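# Per-entry structural report
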Amino acid sequence: MKHIVKILTLIMTITALWIGLLQTSMIPQSHTWLLPIYFVVSLGCYGLLMVGVGLMNFRTCPQEALLLQKDIVEAKEYLKQRGVDVSTI
Amino acid sequence: MDEQHQKGKDKYSIIVPTYNERLNIGLIVYLLFKHLRDVDFEIIVVDDGSPDGTQDVVKQLQKVYGEDRILLRARPRKLGLGTAYIHGMKHASGNFVVIMDADLSHHPKYLPSFIRKQKETGADIVTGTRYVKGGGVHGWTLMRKLTSRGANVLAQTLLWPGVSDLTGSFRLYRKSALEDIISRCVTKGYVFQMEMIVRASRKGYHIEEVPITFVDRVYGSSKLGGSEIVQYLKGVVYLLVTT
């Protein structure tokens, strides 16, 4: 099953549940009408939250750049001794 | 499970596509030999006709390390990343294939953890991720980080790939898995990396992740412009309807 079908099925199931709620009037209709808006808003909040959390846990590692510089110096030294051209043009 | 694996003798073919990497290719070869001492591996350099003499440097490296360890499989001109992997794979004698960039943003020191993870879990694919504990980046502006995370959340929400880093390209593949997946992929650029891992995930391949740090040596060089974002969004939609 293509992934889009899965997502559409999910959306249709939710819609069906919502229509069911509208029909049965288990909760006041005025509230039920607002549910899709709540749904979209909470989806947006979820997205923003995930981006925020992701950004907070996204490490910057300056020490890695320093280590790499050391590795580069070491590698150049070794290769030069063995006749490999390590000049830049 | 293939024959080589049963004998417990895994060989790793490391495919490095290059274009004008005369300095970096030497550095990466040195670092690979430094960090993979007890591992049977070969390096396959797929050079797309670099005018800067990358191929001459590779030939010098072959004299130092041996022509059986470093294979130069050049192509006449720039022909794209996907076909570079296919080209390299044709010459690969290992039962595992490693794919990495030549610009040192992927450090060879992480490869032992890829190999260990594969042995521990028996995974078909081990992919490097910048987004988990122990991973990270260097040289990215806040804006770049924000776009990256936003793009990631979007893809995670829509595609449910089961992998945290979709666009990273530092990966270890069981050769048979890579051959199978790559033949189904049609996109280019970094959407191609995303397509590979999503298709692999859909086909039920066992995918594991290890943290890596990604170092951009020229600060702020890695920018995501408007056209890249459009390309990315198209890629997500394409994967939604085809996988």
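In this text the structure is predicted, and so the values were computed from the model without any measurement.

Next up on the list: the UniProt feature "transmembrane region" (unreviewed entry) in chain A. Residue and element names in this part refer to chain A. In the numbering used here, UniProt assigns the feature "transmembrane region" (unreviewed entry) to residues 7-27 and 33-58. Secondary structure over residues 7-27 splits into 86% helix and 0% strand, and the C-alpha atoms at its two ends are 27 Å apart. For residues 33-58, helix accounts for 92% and strand for 0%, while the C-alpha atoms at its two ends are 39 Å apart.

So, on to the side chain of Lys175(B). Structurally, Lys175(B) can be placed in helix H7 (residues 175-182). Beyond its immediate sequence surroundings of up to four residues, Lys175(B) is in contact with Met89(B), Ala92(B), Gly94(B), Asn95(B), Phe96(B) and Val97(B).

On to the interface of chain A and chain B. Counting from both sides, the interface comprises 37 residues of chain A and, opposite them, 44 residues of chain B. The contact between chain A and chain B buries some 3,500 Å² in all, and 69% of this surface belongs to carbon and sulfur atoms. Interface area lost by chain A to chain B is led by His3(A), Phe58(A) and Leu68(A), which between them contribute 20%. Among the ionic pairs, Lys34(B) bridges to Asp71(A), the shortest N-O distance being 3.9 Å. Run the count over chain A and chain B and you get 21 residue pairs in polar contact (both at pLDDT 80 or more). Take the side of chain A that touches chain B: its biggest share by element is 12 residues, from helix H3 (residues 62-81) of chain A. Its residues assigned to classes, the side of chain A that touches chain B comprises 21 nonpolar, 7 polar and 9 charged.

Cut-offs applied
- Residues numbered from 1 in each chain as written.
- Chains lettered and ligands numbered in written order.
- Predicted model: local features only at pLDDT ≥ 70, side-chain atom pairs only at ≥ 80, totals over all residues.
- Heavy atoms only, no water.
- UniProt positions renumbered as here; feature names shortened; annotations may be inferred.
- Helix = DSSP H or I, 4+ residues; strand = E, 2+ residues; numbered from the N terminus.
- Contact = heavy atoms within 4.5 Å.
- Buried area = accessible area lost by both parts, 1.4 Å probe.
- Salt bridge = Lys/Arg side-chain N within 4 Å of Asp/Glu carboxyl O.
- Polar contact = N/O pair within 3.5 Å; in protein donor to acceptor, adjacent residues only side chain to side chain.
- Nonpolar A, V, L, I, M, F, W, Y, C, P; charged D, E, K, R; others polar.

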